[in-house]
Amino acid sequence: MADRLRTRRFPVLWQVNARTTVRHLGPGATLDDLDDAQLDRLLPVGVDWLYLLGVWQTGAAGREVSRRNPDIRRSCEEALPDVRDDDICGSCFAVTGYQVHERLGGDAALARLRARLAARGIALMLDFVPNHTAPDHPWVAAHPKRYITGTEADLDAAPGDWTEVATATGERIVAYGRDPYFAGWPDTLQLDYSRPKVRSAMTKALLTAASHGDGLRCDMAMLLLPDVFERTWGKTIEPFWPDALAAVRAEQPGFTFLAEVYWDREYDLQQQGFDATYDKRLYDRLVGDLGSVRGHLQADPGYQARSARFLENHDEPRAAATFGVGDRHRAAAVISYLVPGLRFFEDGQPEAADIHVPVHLCRAPDEPLRNDLRGFYDQLLAVLADPVVHDGTWQLAEVTAAWDGNSSHERIVAFTWSTADGELRYLVAVNLADTPAQGYVHLGDAALAGRTVTLTDRLGAEHHERDGDELRRSGLYLDVVPWAHPVFAVTSATHQIRT
């Protein structure tokens, strides 16, 4: 993680949609209107990173696709029933250039916002879109050979993957940007990374994007892995990321890169230089494969430390829509945000916003503020302010049956955080089930002998005192309700000697 502004090992990242947020401030608003009062409203205390989605220049071609494509239009109407054409400004990933959008105030307005954030100790993360450009990017006319080109036969066979574009040398058939599993994105054109000039030009684009912030989230980063590119396009390429990331770090030591990545390619991108990679697998397990969560958390500690954990982002449904606003949501959040890794939140998540806003919109619906989860997230962020859950030692705890024939303990995921010198500070135990569970949580080599141990739930009202010797022998007995998620702060004191 970048240490130019903050040095926390497992930082808190807060995603904010630049276009919808600025639009909400009123006609003519720019990033300059995100003043200190607005930043106080948007960013809770304890945030390390602002991930500002959608700052780059987009064009008329992408905007027109978003307005006329039936599927995209339908998604916009579902989120914003009174949507008008001027609310649909095109995907923020159909980029025409790595300059800040003129409607947001341009590069200078972003630089001023970055300075305001730095004064608060908050780093700025922006997007980089490596796989494709907008249909009206200047390269399309001036450098058409930078794109994957095809034939009339390709267009006839797969009209969802190809289009005809005008270039300086005449009409060409060019591929839409896509991955190997789905049809193309009709508001993008696919870059050809088998060409050295493309690699060079995109490295320069990466340097330009990086000059505006402290970190970059790289969109669909696994599409540039050589085997993925060859499977998609039948072309051989050299790895792009190692040299490109090194070029940025040569100019900006400590720069942070976050990879959006799927298909179990996270480790590959960590090896190619990314500081953190999306952990979509954990999210998917929490949504629908709860029994596999414990096994997921047994992965290599170094890999886990570079995983970005989330319950929602601009690509996923809102967490309140997926997990509800009750204890299932709280249990999933405790797992996601109190294990090692980058802690990724989205604006509106604590307020239980449940309308997913497509990236094609520049106006978001007005949702009523809800308090179902507000207090919980305040408490969770207070726990995340403790240096122990950044700099301490995390350990998955063994949970055994409360009695023979009772397998409910298998649904309890428990772990601890300890100081560098081994002092136990937190015990977290989550029942990932809609039924009660019982079991014994074993605390390993925690230094509890001869001590009275106090456990106080930082997210609830539970408070217990236990004998440290008994905890070492048998573990902590739990009998918990569905979706229980206590985060016990642990203190201990030497037994009093009675006279």
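1. Re the side chain of Gln57
As for its placement among the helices and strands, Gln57 is situated in strand β3 (residues 56-58). Its relative accessible area of 16% is what places Gln57 among the buried residues. Setting aside chain neighbours within four positions, we find Gln57 in contact with Ala94, Val95, Thr96, Gly97, Gln99, Val100, His101 and Glu102.

2. Digging into the sheet that holds strand β18 (residues 424-431)
Sheet strands associate in pairs through backbone hydrogen bonding, adopting either a parallel or an antiparallel arrangement. Reading across from one edge, β15-β17-β18-β23-β20-β21 is the order of the six strands in this open sheet, with antiparallel pairing throughout. Lying at the two open borders of the sheet, with one neighbouring strand each, are β15 (393-396) and β21 (463-467). Here the average twist between neighbouring strands, direction ignored, is 25 degrees. Bridge count for strand β20 (residues 451-457) against strand β23 (residues 487-494) is seven bridges, and the pairing is antiparallel. Each bridged residue has a counterpart across the sheet, and for Arg451 the counterpart in β23 is Thr494.

3. Comments concerning the sheet that holds strand β10 (residues 215-218)
Read around the closed barrel, the eight strands follow the order β1-β2-β5-β10-β11-β12-β13-β14; overall the barrel is parallel. The average angle at which neighbouring strand axes cross in this sheet is 30 degrees, direction not considered. Pairing geometry for strand β2 (residues 49-53) and strand β5 (residues 123-128), over three bridges, is parallel. Pairing of Trp49 across the sheet is with Ala123, part of β5. Helix-sheet contacts for helix α5 (residues 106-119) involve β2 and β5, and the interaxial angle to β5 is about 140 degrees.

4. Comments concerning the nonpolar core
Ranked by size, the top nonpolar core spans 133 residues in total, and within it Leu31, Leu52, Phe128, Leu216, Trp241, Ile335 and Leu338 carry the most contacts. Excluding residues that lie within four positions of it along the chain, Leu338 makes contacts with Ala333, Arg343, Leu380, Val383, Leu384, Val389, Trp394, Phe415, Trp417, Val428 and Val487. Counting residues in each nonpolar core, the second largest holds 21 residues, with Leu443, Leu471, Leu476 and Ala484 among its members.

5. Examining the environment of Ser66
Within the fold, Ser66 resides in helix α3 (residues 60-68). Spatially, the C-alpha atom of Ser66 lies 37 Å from that of Ile335, the residues being 269 residues apart in sequence. When residues no more than four places from it in sequence are discounted, the contact partners of Ser66 are Ile72, Arg73, Ile88, Gly90, Ser91, Asp187 and His360.

6. Quick notes on α5
Compared with an ideal rise of 1.5 Å per residue, which puts 14 residues at 20 Å, α5 spans 21 Å between its outermost C-alpha atoms and is within 8% of the ideal. Within α5 the residues assigned to the buried category are Gly106, Ala109, Leu110, Leu113, Arg116 and Leu117. An end-on view of α5 places all buried positions within 115 degrees of arc, on one side of the element. Residues of α5 that are buried make contact with α2 (36-42), β2, β4 (95-100) and β5. Just past α5, the residue Gly121 takes up positive phi, approximately 80 degrees.

7. Some remarks on the pairing of strand β19 (residues 437-442)
A regular strand places its side chains so that they alternate between the two faces of the sheet. As defined by bridge partners, strand β16 (residues 398-400) adjoins β19 across three bridges and the pair is classed as antiparallel. When the sheet's bridge partners are listed, Thr400 is paired in β19 with Tyr440. The pairing of β19 with strand β22 (residues 476-480) spans five bridges and is classified as antiparallel. Among the inter-strand pairings, Gly439 is bridged to a residue of β22, identified as Leu478.

8. Some details on the pattern of salt bridges
As enumerated under the stated definition, the model contains 39 salt bridges in all. Linking Lys235 and Asp192 is a salt bridge whose minimum nitrogen-to-oxygen distance equals 3.5 Å. Placement of Lys235 in the loop between α9 (226-233) and α10 (241-251) and of Asp192 in the loop between β9 (189-190) and α8 (196-210) is noted, with a sequence separation of 43 residues between them. Across the pair Arg318 and Glu312 runs a salt bridge whose closest N-O atoms are separated by 2.4 Å. For the residue pair Arg318 and Glu312, the accessibility class agrees, reading buried in each case. Where salt bridges share partners, they join Arg23, Asp82, Arg84, Asp86, Asp87 and Arg363 into one cluster.

9. Things to note about a negative patch on the surface
Residues Glu152, Asp156, Glu164 and Glu171 make up a contiguous surface patch of negative charge. Looking at where Glu164 falls in the secondary structure, it is placed in strand β7 (residues 162-167). On the basis of relative accessible area, Glu164 is assigned to the partly exposed category, the value being 43%.

10. Regarding the packing of aromatic side chains
Applying the stated criterion across every chain yields a total of 24 aromatic pairs. With 6.3 Å between their ring centres and 85 degrees between their planes, Phe257 and Phe274 make a pair best called edge-to-face. Remark: Phe274 occurs in the loop between α11 (266-271) and β12 (276-278) and Phe257 occurs in strand β11 (residues 256-259); sequence separation between them is 17 residues. Among the residues examined, Phe257 registers a relative accessible area of 0% and is labelled buried. Classification of Phe274 by relative accessible area gives buried; the value is 0%. Cluster of aromatic residues (ring-pair linked, three or more members): Tyr51, Tyr262, Tyr278, Tyr283, Phe310, Phe323 and Phe344. Above the face of the Trp139 ring, Arg146 is positioned so that its terminal group lies 4.6 Å from the ring centre. Positioned over the ring face of Trp233 is Arg178, at 4.7 Å from the centre of the ring.

Conventions and cut-offs
- Residues numbered from 1 in each chain as written.
- Predicted model: local features only at pLDDT ≥ 70, side-chain atom pairs only at ≥ 80, totals over all residues.
- Heavy atoms only, no water.
- Helix = DSSP H or I, 4+ residues; strand = E, 2+ residues; numbered from the N terminus.
- Buried < 20%, exposed > 50% of the residue type's maximum accessible area, 1.4 Å probe, protein only.
- Contact = heavy atoms within 4.5 Å.
- Pairing = 2+ DSSP bridges.
- Axes fitted to C-alpha atoms, helices over the stretch in contact; angles between N-to-C directions.
- Core = buried A, V, L, I, M, F, W, Y, C linked by side-chain atoms within 4.5 Å.
- Expected span 1.5 Å × (residues − 1).
- Arc of directions from axis to C-beta.
- Salt bridge = Lys/Arg side-chain N within 4 Å of Asp/Glu carboxyl O.
- Patch = residues over 30% accessible without salt bridge, like charges linked within 9 Å, V, L, I, M, F, W, Y side chains within 5 Å.
- Areas by Shrake-Rupley, 256 points an atom, 1.4 Å probe, with all protein chains shown as cover.
- Lys, Arg positive; Asp, Glu negative; His and termini not counted.
- Charge placed at Lys NZ, Arg CZ, Asp CG, Glu CD.
- Phe/Tyr/Trp six-rings, centres within 6.5 Å; stacked < 30°, edge-to-face > 60°.
- Lys NZ or Arg CZ within 6 Å of the ring centre and 35° of its normal.

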